[in-house]
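# Summary of the model geometry
As a plain string of letters, each chain reads:
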Amino acid sequence: SAWDGEVIGLEHHIKQTAHDPSSIDVENCTEPRLSDKNCWVSTCDVRGKNAFGALILQRHTYSFSKLGIEQLR
């Protein structure tokens, strides 16, 4: 939500592949900017539990387009 700085739809996308979907929290996303490939790009903090049950925080960059959401490497 705009309240915690998440880009709409990103948390749902990440939960689809997460080890523990209920632990996922997305926050502090940068303002989406239009890239030269005509998609929107934003960087967010993603917190969730790993396979060992430890809560970890990672910062990832994602692209958003009509084709979907993709994590950039």
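Rules used throughout
Residues numbered from 1 in each chain as written. Predicted model: local features only at pLDDT ≥ 70, side-chain atom pairs only at ≥ 80, totals over all residues. Heavy atoms only, no water. Helix = DSSP H or I, 4+ residues; strand = E, 2+ residues; numbered from the N terminus. Rg over C-alpha atoms; globule rule 2.2 N^0.38 Å. Buried < 20%, exposed > 50% of the residue type's maximum accessible area, 1.4 Å probe, protein only. Areas by Shrake-Rupley, 256 points an atom, 1.4 Å probe, with all protein chains shown as cover. Lys, Arg positive; Asp, Glu negative; His and termini not counted. Charge placed at Lys NZ, Arg CZ, Asp CG, Glu CD. Salt bridge = Lys/Arg side-chain N within 4 Å of Asp/Glu carboxyl O.

### Overview of the overall build of the protein
Of the regular secondary structure elements, the protein holds one helix and five strands. Starting at the N terminus and walking to the C terminus, you meet the elements of the protein as α-β-β-β-β-β. For the protein, the C-alpha radius of gyration of 12 Å lies close to 11 Å, the compact-globule estimate for 73 residues. Taken along the three principal axes of its C-alpha coordinates, the protein extends 40 × 25 × 20 Å. For the protein, buried positions account for 33% of its 73 residues. In the form shown here, the protein has an accessible surface area of approximately 5300 Å², with 54% of it arising from carbon and sulfur atoms. On the protein, the mean spot of the 8 positive side-chain charges and the mean spot of the 10 negative ones are 5 Å from each other.

### Quick notes on the pattern of salt bridges
Inspection of the entire model under this criterion finds three salt bridges. With a shortest N-O distance of 3.4 Å, E11 and K15 are connected by a salt bridge. Here E11 and its partner K15 are both found in helix 1 (residues 10–15), four residues apart, which amounts to about one turn of the helix. A relative accessible area of 31% means that K15 is categorised as partly exposed. Between E27 and R47 there is a salt bridge whose closest N-O contact spans 3.3 Å. With E27 in strand 1 (residues 25–27) and R47 in strand 3 (residues 40–49), the pair connects residues that are 20 residues apart, well separated along the chain.

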